[in-house]
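# A structural walkthrough
This is what each chain is made of:
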Amino acid sequence: MRTFISCQIGIAFLALPAIAAQPAPKGATTTLAVLETTDLHSNVVGYDYFKLAPEPSIGLDRTASLIAQARAEFANTVLFENGDTIQGNALADYQALVKPLGCGETLGIYKVMNALRYDGASIGNHEFNYGLAYLSQVTGNRFQVAGLDQPKRCAGPALPQVLANVYSVKTKQPLFAPWRIIEKKVSAQDANGRAITAVVKVGIIGFTPPTIMSWDKRWLEGKVYTTGVREAALKYIPEMRKKGADIVVAIAHGGLDDKPYTAQMENAGWYLAQVPGVDAMLLGHSHQLFPNAASTAPQFNLPGVDKAQGLVHGVPTVMANLWGKHLGVIALQLRADGKRWTVQKDKTRVEARSAQNADKRFVAADPAVMALIGAEHEATIAYVKTPVGTTDFRMTTYFADAGDTSAIAVVNAAQTQYVKNYVAANLPQYAKLPVLSMSAPFKSGLAGAFDFTDVPAGNLALNNAADLYLYPNALYAVKVDGAGLKAWLETSARRFNTIDPAKAEPQELVNATVPSYNFDTPTSNEISYEIDLTQAPGSRIRHLTLRGAPVRDASCETTTTVSLAGSYPCSSTSKSIRGAVPNRPSYRPWSR
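In this text the structure is predicted, and so the values were computed from the model without any measurement. (Residues numbered from 1 in each chain as written. Predicted model: local features only at pLDDT ≥ 70, side-chain atom pairs only at ≥ 80, totals over all residues. Heavy atoms only, no water.)

### Regarding the environment of Val318
The cut-off we apply is this: Secondary structure elements are taken from DSSP: a helix is a run of H or I of four residues or more, a strand is a run of E of two residues or more, and numbering for both begins at the N terminus. Only protein chains enter the accessibility calculation, which uses a 1.4 Å probe; a residue whose area is less than 20% of its type maximum is buried, one above 50% is exposed, and one in between is partly exposed. Pairs of residues are marked as contacts when any of their non-hydrogen atoms sit within 4.5 Å.
Relative to the elements of secondary structure, Val318 occurs in strand β17 (residues 315–320). With a relative accessible area of 0%, Val318 lands in the buried category. Taking the C-alpha atoms as reference, Val318 lies 7.9 Å from Leu289; in sequence the two are 29 residues apart. Dropping the residues within four chain positions of it, Val318 is found in contact with Glu36, Met281, Leu282, Leu283, Phe290, Pro291, Gly328, Val329, Ile330, Val350, Glu351 and Ala352.

Written out as structure tokens, the structure reads:
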């Protein structure tokens, strides 16, 4: 049984009658397993909509089996989703853009989460990709933001969603409830070992990267604003404690970073763990696995981080990878002091459980998930089979890091043509500037061997177009000088490790800790450059020329187009000359 206590900010939520709970007797003990999924990206079932084939390594339908196993193992569990839930594949696009949901309809992935009895969730950066009107509708809210007129509250998930660091410009209040307290009825033992029933008040608080203000500027500017993760935690966690939270679970859609803290920090978990009152931390966003003793990711090799035990500054912490491939489990050992429950950190255990067994086979999918989502699934498949054109050559990302730009060049060509047409019609003062498009290989094997773009020669359908560019990002045109262009390329070149030519043994070329979506690559024959991998990051670009002339810091100007996915430097003279537009429509007509 569970009930919810919310901070009073004018956001309504259906609540059950409160449990008349007395404090657990002093010396009582119990185990509460905190379960996490993260970065599902609408992968409800194990299916690859790009290749039109089943894919057993992903899908909430298999995570559902892990959830059932955990609930059979632990008498007391709470289940939370970290964020990046509703966007990221063709099913998500279909429900958001192709056949938008009616107000009374529940989003497919939320139907499944309801059936799996999730206890709560936070909001990731990709939740904002379809705009505030859509997010307000499908989460069952009525956001009080400028320009949004939603006459009534629509269907949403039957679980509380929390977000503490995004505010409405109009009301100066949080967009979502910043925190909730879930009163969880648990089986426990008193000091003499006798079985008792008690209540644990589990507080949850959510955070998203403040950098959403750049990534989704077209939707958010002038409507919402963000605060830093640490600032929000310091504001609300004491409030949660005053309202009776026994334990506080921070659901932070971000990773770890020990660079000097700023309020705009994307991955602020390292600092969040140092905020007093955080008992457990659920991470996401980075598409990584934690704990993982073998991890070479820099964020898990920082001071105060125990990557084997799953601790960050002593706080039990988990990150459950992506797409339903793992289930995070924090088995909190609790002890009552007569007033409240406290965490026995020395007895708490953290793990991320894989949907792939030791014998390389995957756990069976829960058939109830497909039964719930079957209609939406079949409609999505029919949609992505829509013909869009033909190609004379195969386009892949298997060797994108090694120079095969077949899948990148087509995106760059389409974006370039779109911007040239726009500039000619609307900004003739820039017509003589070269237009360089930058795009990156989104699919580079991070999620497994299936996770590459591979479009064969021949007829093209929408699934092939989506395979070329995984997310419906925003296309920007930015005027940069030589310094800005070089800085952009230097940032992309961080994708590679520094190679020591004096070493005879093999050396890893690719720095797997730098995501492939940050390897922005121009493919125009107007630009030429070399990447010197014997040099340290930031000093690698050599012999940079544009239209045959050497590029110096201020010797040239160019219009650079980019579909935003990461953070890139620009010089102080950089100027946006075309605001955000969806990038996918720019290349679908071009492919015909």
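### A look at the sheet that holds strand β28 (residues 541–546)
Applicable threshold: In this analysis, strands are considered paired if DSSP registers two or more bridges between them. Axes here mean lines fitted to C-alpha atoms, for a helix over just the part in contact, with angles spanning 0 to 180 degrees between N-to-C directions.
Strand order in the open sheet formed by 3 strands is β27-β28-β29, with antiparallel pairing between adjacent strands. On the outer flanks of this sheet lie β27 (527–531) and β29 (549–550), each paired with one strand and no other. Relative to β28, helix α12 (residues 482–492) is tilted by about 135°, and along the sheet it contacts β27 and β28.

### Focus: the environment of Tyr130
Among the structural elements, Tyr130 can be located in the loop between β6 (120–122) and α4 (132–138). Residues Tyr130 and Gln87, 43 residues apart in the sequence, show an inter-C-alpha distance of 8.2 Å. Discounting residues that sit within four places of it in the chain, Tyr130 has contacts with Ile86, Gln87, Gly88, Ala92, Asp93, Ala96, Leu97, Trp219 and Pro472.

### Considerations on the confidence of the model for the protein
For clarity, the threshold we go by: The quantity called pLDDT is the predictor's confidence in a given residue, expressed from 0 to 100.
Confidence along the protein averages 91 in pLDDT terms, with 90% of residues attaining 70 or more. When the criterion is pLDDT under 50, residues 1–20 qualifies, and its contacts beyond four places in sequence or with other chains add up to 53 contacts. Counting interchain partners and residues more than four positions distant, the pLDDT-below-50 stretch residues 564–568 has 20 contacts.

### Describing the side chain of Asp279
To keep things clear, this is the line we draw: Contacts described as polar in this section are N or O atom pairs within 3.5 Å, which, within protein, must combine one atom able to donate a hydrogen with one able to accept it, while residues neighboring in sequence count only if both atoms come from side chains.
Tracing the sequence through the fold places Asp279 in the loop between α8 (269–272) and β13 (280–283). Accessibility expressed as a relative area gives 11% for Asp279, which makes it buried. Polar side-chain contacts of Asp279 include one of 2.7 Å to the side chain of Arg241.

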